[in-house]
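Coordinates in review
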Amino acid sequence: MPLIPKPVEEWYKEFSKQEKIWIAIALAVAIILAATTLSWPLIDPKHEVPSSAREFNPTAYKEIANNFSSIYNGKLVPPNTDIYIAAQQYFWSISTLVLKKGVDYRFHLGSLDVIHGFTIVGNGTVYSIMVMPGMEYVFTMNFKNAGTYYVICSEYCGYGHGSMRMVIEVVA
Amino acid sequence: MSDYEVSSFGGLKIYRTTKHLIIANLILALISISIGGIAAIFVASGRSAVPSLINFLGINNINYYQWLTFHGMNMLIFWILWAEIAILYFASSVLLNYPIYGYRIAWFAFAAMLYGQITVEYSILTGNADVLFTAYPPLAANDLFYIGYAIFVFGAGIAVVLFFLTIYYAKINEAYKGSLPLVTWGAAIAGIIALTVVFQGALTLIYTLAWRLGLTSMNVMAYRWFFWGLGHDAQYVNVVATIAVLYALLAIGTGLTAAKFINERYAKVAFALAALFVIPGIGHHILVDPGFSTVLKQASGSVGSHFLSVPTLLHAFALTGALEATIRASGHTSLFGWLRRIPWTNPAIAATLFALISMGIGGITAQPQTTLQPNLNYHNTLWVPGHFHLMVAGGTTLAFMAFIYYALPILTSRRLYSTKLAKLQIFLFGIGIIILGLVMTILGINGDPRRDFINPSDLLPAWSLTPLILLGAGLAIAGGVLFILNVAVTIFTGKKGGNLFDGMITSFEVKNEASISKRGALAICIIVVAILLTVYFLSYWRLETMPELY
Ligand code: HEM
Ligand SMILES: [Cu+2]
Ligand SMILES: [Cu+2]
């Protein structure tokens, strides 16, 4: 029994046929799951965790992000314009981002203090990536549906964490 | 040294030194789960978005995170580790009939853990450590918090080493002959993984302290990798220890009949595979972090984690198959007919099945969230606590609770205070956590964030489900209270003599051992895997409905 020591002959048994079948199934499942995620970039390279990031200087970045916000807060960002967002306890550098549907936008995202989370919700969408101090994420987003999206902070960053929000309006 | 009593269960030798140590560890485990449970009331209420309840309990955006830190630390770190140390001592000293090696050092380890815990509790209670159990820098707690955390982990590390030394000395002094029992083997695998946890924990906490003292700068990405080296491996200590306990419960609960139908070699191989695959899984905690390469995320986070599911799947069949064969042997032949004969009023079997169901659901929701692309949709939503409550509360905690119901009488020769309450408790807690886990999972699909004190319904209508959290929480907390009372009363006033396990063991006659089959269990396991694959591919399909991101 499993609670008491015993000689090798007593427990070292062959695997039964059912056990062998199950080992094969378990391995097959792991292989199917692994193969799916590895081949996904070939199937759909446009729904991926962004891979581009670079270190940045917070002071310089803050200025760029504030500059971006002072021009575009609440105004349509024209195509081919890079978007700079800085996270800080407890707000985003821009409060309303207006984007055009179906356009590729290049985003830059970084934190000026602690770790934050960048989560987009709304219109049936949920997407999250992390916002790190000292490391700037660079990625492309293209909204296929018009409507209102919310950005909430999804990594605990202190007492004001729950109120750290921003709006993305996507217009047709 | 030779001071022992012989238990009426299996003639096991219970050394006095061992008994006192295990009971002391269990008392601390009980205290920790009580504190964690009180915090659970505040966390669940705070998260329920029911304003009258939130106001009544005085929860606000400052103390919510204090309660959440308190809950996470006391449940995941303190309760689980105290209980695991007790289980390691049980699996070595009691099952191998040998006193704990170096029991004075074991008391030192106990004192270190206690000191560490008190220090951490003090930091949290005085509002100096609202950083949650992950304590990601540059958010910082006071130094005391890290020192206490480190000392606790250090003490636990000593206890794990003593567990291995006890096995070693039991072997060379011929306290037992033959191979390690399956349960001790499982505990030893948990112990090996625990040593990697202690090592990485020490690294993380020393690094953090050095940063706090101004000796080094803090690389946030490095911290997250080190921290999850500790955090991820620790969860596999839990999974492996839970499974070892489930084998013990199934064997004891069926009056040792099920033991005949467990293929120990198969189970031992599965345990060993867990140790092999655990380290590569670390990467699933940094899947959406900038600065880590996609190759690392894929290899470690996704592919590594998928292979880590293999050993758990193997155990799932070994356990359900052993139960099926046990019931079949007493004369049941149809494919699923044995399911109707499951003795649900047996606490060990009920707990085993609830734990398996809970971990089965949690294991399914684990797959999309450990996979690079679908994880984008689940990361840091309530899906994640939904998953781990199913694993570590519905699985580990429930299994440990039931284990304590059986281990205490073996250790003390005293009967459990109330078998009826134990049965009720397992249902309340099991069903409560499964409801809680499912509600969180559904909210997570809709993007409701974890670790967030907000009134979610003012943002998205789909989040107005949140009050349902209270349903699962209420049942689970009621179950938790019954557990704590029952065990505390047993420790302090349990009655000696009589039938040790009255109403807690179901006996099965073995009628026709030759025709035993486990095809029903195999069929169930295949159905579960089919659901798993369906959920997995649905989550890829869901990815397609999102805006483009790359
Ligand atoms: C009595 C039943 C329980 C209830 C009602 C409960 C409730 C909750 C809730 C609602 C959260 C999510 C809070 C948030 O993300 O904002 C949470 C978090 C958590 N719970 Fe539980 N829980 C229970 C039992 C347990 C047990 C038994 C464990 C572990 C053994 C546990 C470990 C955790 C951990 C580690 C967290 C995450 C804390 C964090 O994000 O920092 N819980 N719990
Ligand atoms: Cu935040
Ligand atoms: Cu992990």
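Everything numeric here is computed off the predicted structure, so don't read it as measured data.

Parameters and conventions
- Residues numbered from 1 in each chain as written.
- Chains lettered and ligands numbered in written order.
- Predicted model: local features only at pLDDT ≥ 70, side-chain atom pairs only at ≥ 80, totals over all residues.
- Heavy atoms only, no water.
- Axes fitted to C-alpha atoms, helices over the stretch in contact; angles between N-to-C directions.
- Helix = DSSP H or I, 4+ residues; strand = E, 2+ residues; numbered from the N terminus.
- Parallel < 35°, antiparallel > 145°, perpendicular 65-115°, else oblique.
- Left-handed = near helix turned anticlockwise from the far one by under 90°.
- Contact = heavy atoms within 4.5 Å.
- Near = heavy atom within 4 Å.
- Polar contact = N/O pair within 3.5 Å; in protein donor to acceptor, adjacent residues only side chain to side chain.
- Nonpolar A, V, L, I, M, F, W, Y, C, P; charged D, E, K, R; others polar.
- Salt bridge = Lys/Arg side-chain N within 4 Å of Asp/Glu carboxyl O.
- Buried < 20%, exposed > 50% of the residue type's maximum accessible area, 1.4 Å probe, protein only.

Quick look at the packing of helix α9 (residues 294–329) of chain B against helix α10 (residues 347–369) of chain B
Residue and element names in this part refer to chain B. One way to put it is that α9 packs onto α10 with a least axis distance of 11 Å and a crossing angle of 155°. As far as their axial angle goes, α10 and α9 are roughly antiparallel. The two elements α9 and α10 meet at a crossing, and its hand is left-handed. For the pair formed by α9 and α10, the contact residues are H306, S309, L319, T320 and L323 on the first element and I349, L353, L356 and Q367 on the second.

Some thoughts on the site of ligand 1
Residues and elements named next belong to chain B. Taken together, 25 residues lie near ligand 1, and Y64, H71, H389, R450 and R451 sit nearest. One of the side-chain N or O atoms of H71 is found 2.8 Å from a nitrogen atom in ligand 1. Among the secondary structure elements, those contributing two or more residues to the shell around ligand 1 are α1 (16–47), α3 (63–94), α12 (383–412), α13 (419–445) and α14 (469–493). Sort the elements by how many residues they give to the shell around ligand 1 and α3 lands first, with six residues. Partitioned by chemical class, the residues of the shell around ligand 1 number 18 nonpolar, three polar and four charged.

What about the pattern of salt bridges?
Residues and elements named next belong to chain B. On inspection of all chains with the given rule, the structure shows 10 salt bridges over all chains. Between D3 and R16 there is a salt bridge whose closest N-O contact spans 3.1 Å. Pair noted here: D3 is in the segment before β1 (4–6) and R16 is in helix α1, with a separation of 13 residues, a long-range link. Among the residues examined, D3 registers a relative accessible area of 39% and is labelled partly exposed. For R16, a relative accessible area of 41% translates into the label partly exposed.

Digging into unusual backbone geometry
A cis amide bond, omega -5°, links Q89 of chain A with the succeeding residue Y90 of chain A. Here Y90 of chain A shows up in the loop between β2 (83–88) and β3 (91–92). Going from P137 of chain B to P138 of chain B, the amide bond is cis rather than trans, its omega being 5°. Turning to its location among the elements, P138 of chain B is positioned in the loop between α4 (103–125) and α5 (143–172). Phi angles above zero are rare outside glycine, and E174 of chain B is one such case at about 55°. With respect to the secondary-structure elements, E174 of chain B resides in the loop between α5 and α6 (182–212).

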